[in-house]
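# A closer look at the structure
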Amino acid sequence: MKRLSLILSATLLGAFMAKDALALDFKSVGAAPAIMYDAPSEKGRRVYVAPRGMPVEVVLTYGEWSKVRDAAGTLSWVQSKTLTPKRMLVVSATNARIFNAADESSPVVFSADKSVLLEMLESPNNGWVKVRHRDGQSGFVKAGDVWGD
């Protein structure tokens, strides 16, 4: 009985640790564009320049560098100081509709083309994310129509 209890405790502990290990850490490129490298060093090859506001998933942090994945799935390194915790999302659907409420029967406030950046105002809830366009319009978009949440 004692052994069963230990096994159960270890299993539960492992499940909680795995859940935390799978937690995604999204950030965005700050006020200035950021150079993306193939290694955690300015001596590395410059892969591309990420525009300001671009959302990235932080996969690993190594000293002053972060290994990130972009919406296309590309892995690269960036100086951590160029990232901000401000959450931005990129439209991944061909034409995402942003609704007045988290309901498809509510009025459409605006639509956004693929690759448009939206600021995340609230965490996803029941498949919807509250967002704001840089022009100030806000509303709810289906979580599946954006990347970075």
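The structure displayed is predicted, hence computed values, not measured ones.

### Quick notes on the overall build of the chain
- Within the chain, the regular secondary structure consists of one helix and 14 strands.
- Counting the 149 residues in the chain, one finds 33% classified as buried.
- Excluding contacts between residues fewer than 6 apart, the proportion of contacts in the chain whose partners are at least 24 apart in sequence is 49%.

### Section: the nonpolar core
- Ile98, Val129, Val131 and Val141 are the most contacted members of the largest nonpolar core, which totals 14 residues.
- Mapped by element, the contributors of at least two residues to this core are β8 (88-91), β9 (95-99), β10 (108-113), β11 (117-125) and β12 (128-132).

### Concerning the environment of aspartate 25
- Relative to the helices and strands, aspartate 25 is located in strand β1 (residues 25-29).
- If near-sequence neighbours (up to four positions away) are discounted, aspartate 25 is found in contact with Val56, Glu57 and Val58.

### A short note on the pairing of strand β13 (residues 138-142)
- As paired elements, β12 and β13 share five bridges and run antiparallel to each other. Of the residues in β13, the one forming a bridge with tryptophan 128 is lysine 142.
- Between β12 and β13, which pair antiparallel one after the other, the connecting turn spans five residues, and glycine 136 there sits at a positive phi close to 105°.

### Thoughts on the layout of surface pockets
- Volume-wise, the largest pocket comes out at about 390 Å³.
- Residue lining of the largest pocket: 17 residues in total, with Arg52, Gly53, Met88, Leu117 and Arg134 positioned closest to the centre.
- When contributions to the lining of the largest pocket are tallied by element, the ones reaching two or more residues are β1 and β11.
- With three residues, β11 is the largest single contributor of residues to the lining of the largest pocket.
- For the lining of the largest pocket, the residue count by class is seven nonpolar, five polar and five charged.

### Observations concerning the environment of valine 47
- Among the structural elements, valine 47 can be located in strand β3 (residues 46-50).
- Sequence-wise, valine 47 and leucine 75 are 28 residues apart; in three dimensions their C-alpha atoms are separated by 9.9 Å.
- Residues within four places of valine 47 in sequence aside, it is in contact with Met36, Tyr37 and Asp38.

### Here we look at the pairing of strand β4 (residues 55-62)
- In the sheet, β1 pairs with β4 via four bridges, with the strands oriented antiparallel. Looking across to β4, one finds that serine 28 is bridged to proline 55.
- Here five bridges tie β4 to strand β5 (residues 65-69), and the two strands are oriented antiparallel to one another. Within the sheet, the bridge partner assigned to tyrosine 62 lies in β5 and is tryptophan 65.
- In this structure, the hairpin formed by β4 and β5 is closed by a connection of two residues, where glycine 63 is found at a positive phi of approximately 60°.

### What to know about the packing of aromatic side chains
- Counting across every chain of the model gives three aromatic pairs.
- Ring geometry for phenylalanine 26 versus tryptophan 147: centroids 5.3 Å apart, planes at 85°, classification edge-to-face. Taken as a pair, phenylalanine 26 in strand β1 and tryptophan 147 in strand β14 (residues 146-147) lie far apart in primary sequence, 121 residues in all. Tryptophan 147 carries the same exposure label as phenylalanine 26, and that label is buried.

Reading guide: rules and limits
Residues numbered from 1 in each chain as written. Predicted model: local features only at pLDDT ≥ 70, side-chain atom pairs only at ≥ 80, totals over all residues. Heavy atoms only, no water. Helix = DSSP H or I, 4+ residues; strand = E, 2+ residues; numbered from the N terminus. Buried < 20%, exposed > 50% of the residue type's maximum accessible area, 1.4 Å probe, protein only. Contact = heavy atoms within 4.5 Å. Core = buried A, V, L, I, M, F, W, Y, C linked by side-chain atoms within 4.5 Å. Pairing = 2+ DSSP bridges. 1 Å grid on protein atoms, 1.4 Å probe; cavity = no way out; pocket = protein on both sides within 12 Å on 5 of 7 lines; lining within 4 Å. Points joined across faces, edges and corners; volume = space filled by probe spheres on them. Nonpolar A, V, L, I, M, F, W, Y, C, P; charged D, E, K, R; others polar. Phe/Tyr/Trp six-rings, centres within 6.5 Å; stacked < 30°, edge-to-face > 60°.

Take it as geometry only, folks, not as evidence of what the structure does.
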